There are 2 protein chains.
Amino acid sequence: MDLESILSDVGRNLRSSLIRELLKYASVPGSISFGGGVPDPNTFPRHELAEIAKEVIEKEYAYTLQYNTTEGDDELAKQMIKLLERIYGITNLDRSNLLFTTGSQQALDLIARIFLDKDSICFVEFPVYLGAASAFRMTFTNFETVPLQEDGMDVDYLERKLQELDKLGKIKNVKFIYSVPNFHNPAGVTMSLEKRKKLIEIAERYDILILEDDPYGLLRFEGEHLPSLYKLGGPDRVVLLNTFSKILTPGLRIGVIVGRADIVRKATLAKQAADLCSPSLNQRIAARFLERYDLLEYLKPGIELYRKKKNTMIKALEEEFADMKGAKWVNPQGGLFVWFTLPEGYDTMEMFETAKEKKIYYIPGQAFTVDDSISSSMRLSFCLPPEEKIIEGVKRLKEVVVEYGKKKGLI
Amino acid sequence: MDLESILSDVGRNLRSSLIRELLKYASVPGSISFGGGVPDPNTFPRHELAEIAKEVIEKEYAYTLQYNTTEGDDELAKQMIKLLERIYGITNLDRSNLLFTTGSQQALDLIARIFLDKDSICFVEFPVYLGAASAFRMTFTNFETVPLQEDGMDVDYLERKLQELDKLGKIKNVKFIYSVPNFHNPAGVTMSLEKRKKLIEIAERYDILILEDDPYGLLRFEGEHLPSLYKLGGPDRVVLLNTFSKILTPGLRIGVIVGRADIVRKATLAKQAADLCSPSLNQRIAARFLERYDLLEYLKPGIELYRKKKNTMIKALEEEFADMKGAKWVNPQGGLFVWFTLPEGYDTMEMFETAKEKKIYYIPGQAFTVDDSISSSMRLSFCLPPEEKIIEGVKRLKEVVVEYGKKKGLI
């Protein structure tokens, strides 16, 4: 049987996430990887989770080992509503505003499925979180990209683009504006309060939904907490995605869609056809953890650890690259990533071959484009390697940049 | 914001599973439900699973609480390959032939996404497993239904249909034939060996893929094990779906796609965009369970329990309905369901209103059609209620049938 000839358009069009492919090299002995956005396993509350897991299987087996509803665990919903109030000051939520998903990746996929068609347009930031791009791409939607600046999305650019589309009679095709306002993946930037307000105002004017993705919001090292787009724009304007992957553990695979009941309902129906329900066990473990422990207190040492690692990386970049004209990096106020841009002429995808030789891994900027365009940027994750490896890794990176730069006649 | 106006075609077209809606009533006090196909929680090895969960979180936290690969746990794959050899006699499988999914519902969705387009045709049995129909429907594929007989799919009918499509030049649009050969959900029937061979032969002749779904195969009460379509047709012809939901516990949400490496690879890429990965924890729990315990031995008391309950239901149906001309039921050799058909003129969906009054619940046959056509059949699940409730439930069902029949002038 010839597989290609019987694939659907989606099947033919699928491609592997560049990150997943590149990370295969990261397990080579002696490697240092700034690649994956995976949390440090030592930040996971394993003893607490182990106890809870045992207990909820023994005592609540008729629930934890059984099928769940598609909507997910009501106990977790109760805890999540409290947590959302505490984190974001969001009130008036009830059960019908929440759908638990398999990580926020499934949330992105479900949202894509209920909103995007081939003739749809969705706005994303540039660079874009690639998990979102790969989920949206399955619908064959059209992308419009809005450049990120130091204080977040270029909202003036967004406004001009929407004006143009309006003139062309295409504003109805715009389904949503996707944004990661806090400690952007990969760009590391945070949207200012002013821009948040402006974004809501523009979305209101053109009656367009905003899809806010906030996996890292709680991982703030410095500066002040800014109100979420959901808090500012309300459920008629914003759908909020969140996840426990970066603040508790990715292993449970729990994400959540927070939004207007009718939108959540549609996403629930899509999930029903997509996988019926997420595991009861994992949701109940998370519910009991939130019930018994103060997640925000528990997060503090992890945040402190990431803050230190981030500072180590920034200091190492300054030491190695301060004298390189045109090289620049974003110093993030939180999250897991530093966005590092080399001078014009560098192609970080091509340079990856040199990096492999020196056993230092990063994610080339090309992975965060919607059209595979060449990029002189790269994403550096500081969350997993210990501090001395971060220093050593940046040194290796400098060697890579010099060697590649010489080969290409750039230095 | 007007939701309807911004939904995608998929979003607009979504509808709730009839089963999920009907089962809401089943929690009314005093109810007896033959509705859901959920296993009896007392068959779950909760003590073993509780111990294993605690242990794999404590000792393997860097794996169990971390992101997984999209393909899933290699340890579980090892165990699964052994199990597939033991159950089906399938040999020569390696890691690249397996993808773990969120239950077999996600497997159905991923297969649909990589194969089905709007102009595609997929063959399903009639009645059809509704989880499959709802996953396939999201692609707007065209359905061809093949009637089920006492010994499974009417393969002669299938052959005639394929001949017709071939004459019309549409055979290229046929993407696969979906079948549940053992203890069909909802029809209860099992495909004979002769028909299995004929099905493979037809599929070979027209070069069409078979999608074999076998969630209940191990739950055999009587009769002899028959070779799977995968075993008969091989990986070039058949993709096999399986799940731990009915043989270990649904709460872990672990399904598996077994097939040719290139097909599995495509499904893996679709899963990468759909939810990145399934929880490591759940897969490792299942792997350690399979390593330490003999699943087939452990299943025996559960099978015995279901066998007894099934016999109780068949006996009750004989007692209540033997004198009703035109009423008939399938006595299944395994699985969880009895398919019960009333004489012509009965509409089991309309009759559900009467059933609700008497607090007895079943799934109307209409739920298992691809076009919502009226049905005089219903699916009765015997797995959850205790035996005395099964007897009482069938009595109530008789009252419902008599009351409805009188109202409609059928008796």
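Thresholds applied
Residues numbered from 1 in each chain as written. Chains lettered and ligands numbered in written order. Predicted model: local features only at pLDDT ≥ 70, side-chain atom pairs only at ≥ 80, totals over all residues. Heavy atoms only, no water. UniProt positions renumbered as here; feature names shortened; annotations may be inferred. Helix = DSSP H or I, 4+ residues; strand = E, 2+ residues; numbered from the N terminus. Rg over C-alpha atoms; globule rule 2.2 N^0.38 Å. Buried < 20%, exposed > 50% of the residue type's maximum accessible area, 1.4 Å probe, protein only. Pairing = 2+ DSSP bridges. Contact = heavy atoms within 4.5 Å. Axes fitted to C-alpha atoms, helices over the stretch in contact; angles between N-to-C directions. Buried area = accessible area lost by both parts, 1.4 Å probe. Polar contact = N/O pair within 3.5 Å; in protein donor to acceptor, adjacent residues only side chain to side chain. Salt bridge = Lys/Arg side-chain N within 4 Å of Asp/Glu carboxyl O. Expected span 1.5 Å × (residues − 1). Least-squares fit on C-alpha atoms with pLDDT ≥ 70 in both. Parallel < 35°, antiparallel > 145°, perpendicular 65-115°, else oblique. Left-handed = near helix turned anticlockwise from the far one by under 90°. Nonpolar A, V, L, I, M, F, W, Y, C, P; charged D, E, K, R; others polar. Phe/Tyr/Trp six-rings, centres within 6.5 Å; stacked < 30°, edge-to-face > 60°. Lys NZ or Arg CZ within 6 Å of the ring centre and 35° of its normal. Disulfide = S-S within 2.5 Å. Right-handed = clockwise from strand over helix to strand, strands pointing away.

- Under an unreviewed UniProt entry, the name given to chain A is PLP-dependent aminotransferase family protein, and the source organism is Fervidobacterium islandicum.
- According to the UniProt record, the Cofactor (unreviewed entry) comment for chain A reads "pyridoxal 5'-phosphate".
- Regarding chain A, the UniProt comment filed under Subunit (unreviewed entry) reads as follows: "Homodimer."

**Quick word on the overall build of chain A**
Inference 1: Looking only at helices and strands, chain A features 16 helices and 14 strands.
Inference 2: Relative to the compact-globule value of 22 Å for 411 residues, chain A shows a C-alpha radius of gyration of 22 Å, a close match.
Inference 3: Considered along the principal axes of its C-alpha atoms, chain A spans approximately 65 × 60 × 60 Å.
Inference 4: The buried share of chain A, taken over its 411 residues, is 64%.

**Regarding the sheet that holds strand β3 (residues 121-126) of chain A**
All names here are of chain A.
Inference 1: In spatial order, the strands read β2-β9-β8-β7-β6-β3-β4-β5; together these eight strands make up an open sheet with mixed pairing. With one partner strand each, in any of the chains shown, β2 (98-102) and β5 (152-153) form the two edges of the open sheet.
Inference 2: Bridge count between β3 and strand β6 (residues 174-179): three bridges; the pairing is parallel. Directly across from Cys-122, in β6, lies its bridge partner Phe-176.
Inference 3: Strands in contact with helix α6 (residues 74-88) are β2, β8 (238-243) and β9 (254-258); relative to β2, the strand with the most contacts, it is inclined by about 100°.

**Some remarks on the interface of chain A and chain B**
Inference 1: Contacts between the two partners involve 84 residues from chain A and, on the opposite side, 84 residues from chain B.
Inference 2: Buried area between chain A and chain B, summed over both chains or domains, comes out near 7,300 Å², and the portion from carbon and sulfur atoms is 57%.
Inference 3: Three residues, Met-1, Tyr-67 and Arg-113 of chain A, lead the burial of chain A against chain B; their summed loss comes to 11% of the area buried on that side.
Inference 4: Inspection of the chain A/chain B interface yields 35 residue pairs in polar contact (both at pLDDT 80 or more).

**Considering unusual backbone geometry**
Inference 1: For the peptide bond that leads from Phe-126 of chain A to Pro-127 of chain A, omega is 0°, which places it in the cis range.
Inference 2: Along the polypeptide, Pro-127 of chain A turns up in the loop between β3 and α8 (130-137).
Inference 3: Residue Pro-186 of chain B is reached from Asn-185 of chain B by a cis peptide bond, and omega for that bond is 10°.
Inference 4: Looking at the secondary structure, you find Pro-186 of chain B in the loop between β6 (174-179) and α10 (193-205).
Inference 5: One non-glycine residue, Asp-372 of chain B, adopts positive backbone phi at about 60°.
Inference 6: Along the chain, Asp-372 of chain B falls in the loop between β13 (363-364) and β14 (377-381).
Inference 7: For Asp-372 of chain B, a relative accessible area of 38% puts it in the partly exposed group.

**Points about the pattern of salt bridges**
Inference 1: Scanning all chains against the criterion turns up 74 salt bridges over all chains.
Inference 2: A single salt-bridge network, built from bridges that share partners, covers Glu-60, Asp-73, Glu-75, Lys-78, Arg-284, Arg-288 and Glu-291 of chain A.

**A closer look at helix α16 (residues 387-407) of chain A**
All names here are of chain A.
Inference 1: In a regular helix each residue adds 1.5 Å, so 21 residues correspond to 30 Å; α16 covers 30 Å between its end C-alpha atoms and thus fits that length.
Inference 2: Taken together, the buried positions of α16 are occupied by Ile-390, Gly-393, Val-394, Arg-396, Leu-397, Lys-398, Val-400, Val-401, Tyr-404 and Gly-405.
Inference 3: Among the structural elements, β1 (32-33), α14 (295-321), β11 (337-341), α15 (348-357), β12 (360-361) and β14 (377-381) are those in contact with the buried residues of α16.
Inference 4: With its phi angle positive at about 70°, Gly-409 sits one or two positions after the end of α16.

**Points about the relation of the copies chain A and chain B**
Inference 1: Here chain A sits on chain B after a turn of 180° about the axis and a move of 0.0 Å along it, with an RMSD of 0.0 Å. On the angle and the small slide along the axis, the relation comes out as a two-fold axis. The position closest to the rotation axis in chain A is occupied by the C-alpha of Lys-54 of chain A, lying 2.6 Å away.
Inference 2: Mapped onto chain B, 100% of the interface residues of chain A again fall at the interface, so both copies present the same surface.

**Examining the packing of helix α6 (residues 74-88) of chain B against helix α13 (residues 280-292) of chain B**
Residues and elements named next belong to chain B.
Inference 1: Packing of α6 against α13 leaves a shortest axis separation of 8 Å and a crossing angle of 45°. The pairing of α6 with α13 is recorded here as oblique in orientation. Read as a crossing pair, α6 and α13 show a hand that is left-handed. Seen from α6, the contacting residues are Glu-75, Leu-76, Gln-79 and Leu-83; seen from α13, they are Gln-283, Arg-284, Ala-286, Ala-287, Arg-288, Leu-290 and Glu-291.
Inference 2: For the contact of α6 with α13, the residue count by class is five nonpolar, two polar and four charged.

**Some words on the packing of aromatic side chains**
In this description, an aromatic ring pair is defined by two values, namely the gap between the centres and the angle between the planes.
Inference 1: Within the structure shown, the criterion is met by 26 aromatic pairs over all chains.
Inference 2: Three or more aromatic residues link up through ring pairs in this structure, and these residues are Phe-115, Phe-136, Phe-176 and Tyr-178 of chain A.
Inference 3: In this structure, Arg-46 of chain A packs its charged tip against the face of Tyr-61 of chain B, placed 3.9 Å from the ring centre.
Inference 4: Directly above the aromatic system of Phe-321 of chain A lies the positively charged group of Lys-398 of chain A, at a separation of 5.7 Å from the ring centroid.

**Remarks on the state of the cysteines**
What is meant by a disulfide is a covalent connection between two cysteines, made through their sulfur atoms.
Inference 1: Taken as a whole, this structure holds zero disulfides over all chains when the rule is applied.
Inference 2: In this structure Cys-277 of chain B is a free cysteine whose sulfur lies 15 Å from that of Cys-383 of chain A, the closest cysteine sulfur available.

**Regarding the UniProt feature "domain: Aminotransferase class I/classII large" (unreviewed entry) in chain A**
Inference 1: If you check UniProt for "domain: Aminotransferase class I/classII large" (unreviewed entry), the listed places come out as residues 48-397 of chain A in our numbering.
Inference 2: For the annotated span residues 48-397 of chain A, helix accounts for 46% and strand for 17% of the residues, and the straight-line distance between the end C-alpha atoms is 38 Å.

**Examining the pairing of β6 of chain A**
Residue and element names in this part refer to chain A.
Inference 1: Burial within β6 is extensive, with six of its six residues counted as buried.
Inference 2: As paired elements, β6 and strand β7 (residues 209-213) share four bridges and run parallel to each other. Bridge pairing links Ile-177 to Ile-210 in β7.
Inference 3: As for the winding sense of the linkage, the β-α-β connection from β6 through helix α10 (residues 193-206) to β7 is right-handed.

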